[in-house]
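# Structure at a glance
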Amino acid sequence: MGKYLIFLIIFTAFVTSDAFCLTYKKEELKYKDHLKDKMLYVLVTLDGSYRTDKWEEIIKLSEENINATVYVSAVYFLNEEEKYRYICPFNAKISGISNVGFGSTKELTDERIGLVKKAQKQGVSIQSHLNGHFEGSSKWSNQMWDLEFKQYFLFTQFLEQKSQHIRFPYLEYNYDVYDVFEKYGIRSIVSTITRPYVDGIYTKISVMDDEKVRYFFYEFPISFVKYNKCKTIMMDYNFFVKDKKEQLSERQIMRNVEKLYLKQAKHCFKNNMPLFISHHFFMDGNEAYWKSLKNVTVKLKKIYKNKIKFITIDELYDILSTSDSIMSEEKS
Ligand SMILES: [Zn+2]
């Protein structure tokens with residue numbers, strides 16, 4: 001285990017409208033100080049959650065010891081008749097609207113809920129992608145965030161374990177969401193936007209009460225990589241936008257994606273950092289990315305044999321936070 005803090009920034013954010021002021025401590029940490037040597041940690045993460053055939057495939061993957069982390073949009077657990085239960089977070093006078101639709105018929109919605117429950121029982125991690133997938137959340141107030149989180153937990157009450165991790169729609173958020181995290185027990189975000197990307201680094205954000213830390217969470221950046229000669233974040237949607245423009249065939253896409261993931265896996269293994277494979281349930285009818293994801297898991301297992309662990313975001317959080325507290329104790 002190497003050196004601990006790289007650097008520390010203290011910054012403040014005004015959180016609620018009654019001018020209550022919270023202080024945050026932001027520490028940039030190195031994965032390699034906290035993750036085991038000679039082990040590749042892979043996180044298969046998805047968002048979307050509408051398609052039931054994909055839930056069945058996720059359950060199948062979990063039977064092969066690959067437990068994905070699925071960031072679910074909770075509107076898919078409301079059927080067409082229930083959609084008015086969802087109050088628009090940025091205009092509480094409106095209800096029943098969403099950027100991604102709702103769960104469809106009662107039968108399909110019930111089937112989906114049954115599959116999510118089964119997946120969670122088998123070890124799939126069910127986390128939050130909030131509700132209506134609205135753009136512009138970077139401009140939301142503390143009250144809007146609160147309403148959105150409150151409703152997410154209301155619509156996912158059927159889950160045996162509450163979600164504790166989040167990937168925001170469009171990866172968009174602002175500092176007003178921080179004290180809402182504390183209220184709802186959110187432990188990590190996957191993001192890209194708070195600072196320029198530095199390879200091998202993640203951020204720990206602590207909410208401070210005077211000098212005391214009363215709560216903390218992690219922010220995991222999505223890697224920046226070179227895909228087909230372009231720099232982009234490592235997410236299937238970003239590949240899709242580029243591939244569509246170039247009208248690549250399924251075979252070409254799969255070759256590019258798989259090549260990139262294997263190269264990135266090598267980089268992560270060498271540098272003790274987790275490999276985040278970030279996908280969506282549905283990519284405009286294009287199955288190439290889903291197929292690549294499945295192929296890559298098989299190839300990685302073959303290459304890394306007993307030196308690979310497929311973990312969920314909860315497991316990553318546990319590893320890092322345990323190691324973190326041991327290191328803090330050693331320090332003091
Ligand atoms: Zn999304």
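Attention here is on the structure that accompanies the text. (Residues numbered from 1 in each chain as written. Predicted model: local features only at pLDDT ≥ 70, side-chain atom pairs only at ≥ 80, totals over all residues.)

## Points about the overall build of the chain
Using the following cut-off: Helix and strand definitions here come from DSSP, where helices need a minimum of 4 consecutive H or I residues and strands a minimum of 2 consecutive E residues; each element is numbered from the N-terminal end. Computation of the radius of gyration draws on C-alpha atoms, with the globule rule given as 2.2 Å multiplied by the number of residues to the power 0.38. Comment: burial labels come from other C-beta atoms within 10 Å of the residue's own C-beta, placed from the backbone, where a count of 20 or more is buried, 12 or fewer is exposed, and between is partly exposed.
Of regular secondary structure, the chain possesses eight helices and 13 strands. Since a compact globule built from 332 residues should have a radius of gyration of about 20 Å, the 20 Å found for the chain is in line with a globular shape. Its C-alpha atoms give the chain principal-axis dimensions of roughly 55 × 55 × 40 Å. In the chain, which comprises 332 residues, the share counted as buried stands at 35%.

## Some thoughts on the packing of helix α6 (residues 250-270) against helix α7 (residues 288-304)
Applicable threshold: Here an axis means a line fitted to C-alpha atoms, over the contact stretch when the element is a helix, while the angle between two N-to-C directions is reported on a 0 to 180 degree scale. To sort the angles, those under 35 degrees are grouped as roughly parallel, those over 145 as roughly antiparallel, those from 65 to 115 as roughly perpendicular, and the leftovers as oblique. Each crossing gets its hand from how the near helix is turned against the far one by less than a right angle, where anticlockwise is left-handed and clockwise is right-handed. We call two residues in contact when the distance between their C-beta atoms, placed using the backbone, is within 7 Å.
Taken N-terminus to C-terminus, the directions of α6 and α7 make an angle of 40 degrees; their axes are 9 Å apart at the nearest point. Taken together, α6 and α7 sit at an angle that is classed as oblique. With respect to the hand of their crossing, α6 and α7 are arranged in right-handed fashion. Across the interface between the two elements, E250, I253, M254, V257, E258, Y261, L262 and A265 from α6 touch A288, Y289, K291, S292, N295, V296, K299 and L300 from α7.

## Some details on the pairing of strand β3 (residues 40-48)
On any regular strand, side chains alternate: one points to one face of the sheet, the next to the other face. Threshold: The rule for pairing is simple: two strands pair if DSSP sees at least two bridges between them. Consider the strands pointing away from the viewer: the crossover is right-handed when the path from the first strand over the helix to the second runs clockwise.
Within β3, eight of the nine residues are buried, which leaves the element mostly enclosed by the surrounding structure. Inspection of the sheet shows β3 paired to strand β13 (residues 308-310) by three bridges, in the parallel sense. Across the sheet, the residue bridging to L40 is I308, located in β13. As defined by bridge partners, β3 adjoins strand β12 (residues 275-280) across six bridges and the pair is classed as parallel. Paired with T45 across the bridge in β12 is S278. Bridge analysis of β3 against strand β4 (residues 69-72) gives four bridges, and the strand direction is parallel. Opposite G48, over in β4, you have V72 as the bridge partner. In this region the chain leaves β3, passes through helix α1 (residues 52-63) and returns to the parallel neighbour β4; the handedness of that crossover is right-handed.

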